[in-house]
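These are the residues of each chain, in order.
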Amino acid sequence: QADDYGNAYVDQSTNSFVFINPSIVTWPNNQVEWLFKTNNLIDSDLLVSYVTQATANYQKHADINFTNSGATSLDLALAYDSSRQNTLLIEVLDNSTMDSFVAGITNGADTNGSRFGGYAWMWWEVSILAGQIALNSDFINSESCLKGIINHEIGHVLMLQYSDTNDSIRFL
C-alpha cells in the first residue's frame, strides 16, 4: 500500500511506514540478486526464509524484484569489487568479526561493530553498484529479532529513510 505522500507500509501495522523517494539512487533495472553466507552461525534455511519474506514484502510496495542466487563462499568486501555488480551479499558474522568488518568498512571511524544487530553498505554512482549486509549472530536473541534486523537492513540497501514511528521496522 502507498499513500499520496510517497509513504509505503513495510510491515503489518498500517501505522508503520517509510518514505520511498523514487528520485534517489536505485538498483539497476530495479533488480537485486542476493546471495548469502551463514558461516554455520545460524540455520541457512531460516535465513533464506526470513530474507525471502522481507524481500517479498518490499516487492509488494515498490517496483523492485529480488532473486535468491543461493549460498556463496564470498566474504563481505571492504571495497567495491566489480565482479559483484548488481548483487547483495548477506553474511552472518560473530561479534569479533563484526567488529573487524565495521572498523574496516568505516576506515576505523567505528570500531564497535558488535553493538549492531546488522550493518548495511552500498556502493553507487548513477545507480547502486552492489550492496552487502552483515548480520551479527551474537546480537540475535530470537527469530523475531532476526526478522526485524533483516527487514531493517534491507531497507538500508533500498535507500529508505528512517521512520519516527515507534513500531515501524525503519524506526531509529
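Presented here is a report on the structure given in the accompanying data block. (Residues numbered from 1 in each chain as written. Predicted model: local features only at pLDDT ≥ 70, side-chain atom pairs only at ≥ 80, totals over all residues. Heavy atoms only, no water.)

In contact at an axis separation of 9 Å, helix α1 (residues 44-61) and helix α3 (residues 143-157) are set at 45° when each is read in the N-to-C sense. Between α1 and α3, the angle is such that the two are oblique. Viewed along their axes, α1 and α3 form a crossing whose handedness is right-handed. Contacts between α1 and α3 involve Leu 46, Leu 47, Tyr 50, Val 51, Gln 53, Ala 54, Thr 55 and Tyr 58 on the former and, on the latter, Glu 143, Leu 146, Lys 147, Ile 150, Asn 151, Ile 154 and Gly 155. Residues of the contact of α1 with α3, tallied by class, amount to nine nonpolar, four polar and two charged. (Axes fitted to C-alpha atoms, helices over the stretch in contact; angles between N-to-C directions. Helix = DSSP H or I, 4+ residues; strand = E, 2+ residues; numbered from the N terminus. Parallel < 35°, antiparallel > 145°, perpendicular 65-115°, else oblique. Left-handed = near helix turned anticlockwise from the far one by under 90°. Contact = heavy atoms within 4.5 Å. Nonpolar A, V, L, I, M, F, W, Y, C, P; charged D, E, K, R; others polar.)

In terms of residue burial, strand β3 (residues 31-37) counts as a mostly covered element, since five of its seven residues are buried. Summarising the sheet, β3 and strand β4 (residues 65-71) pair through five bridges and their orientation is parallel. Residue pairing for β4: Trp 34 is matched across the bridge by Asn 68. The handedness of the β3 to β4 crossover, carried by α1, is right-handed. Across five bridges, the pairing between β3 and strand β5 (residues 87-93) is parallel. Paired with Leu 35 across the two strands is Leu 89, which belongs to β5. (Buried < 20%, exposed > 50% of the residue type's maximum accessible area, 1.4 Å probe, protein only. Pairing = 2+ DSSP bridges. Right-handed = clockwise from strand over helix to strand, strands pointing away.)

Below, the discussion takes up unusual backbone geometry. Residues other than glycine seldom take positive phi values, yet Asn 30 does so here, at roughly 55°. Examined against the element boundaries, Asn 30 turns out to sit in the loop between β2 (17-19) and β3. Phi is positive for Asn 107, which is not a glycine, with a value near 55°. With respect to the helices and strands, Asn 107 occurs in the loop between α2 (95-105) and β6 (118-124). Its relative accessible area of 74% is what places Asn 107 among the exposed residues.

Another aspect to go through is the environment of Trp 121. Here Trp 121 shows up in strand β6. By relative accessible area, which is 27% here, Trp 121 ends up partly exposed. Each C-alpha atom, one on Trp 121 and one on Ile 105, is 8.2 Å from the other, the two residues being 16 residues apart in sequence. Look past the residues within four positions of Trp 121 in its chain and what remains in contact with it is Ile 105, Ala 130, Gly 131 and Gln 132.

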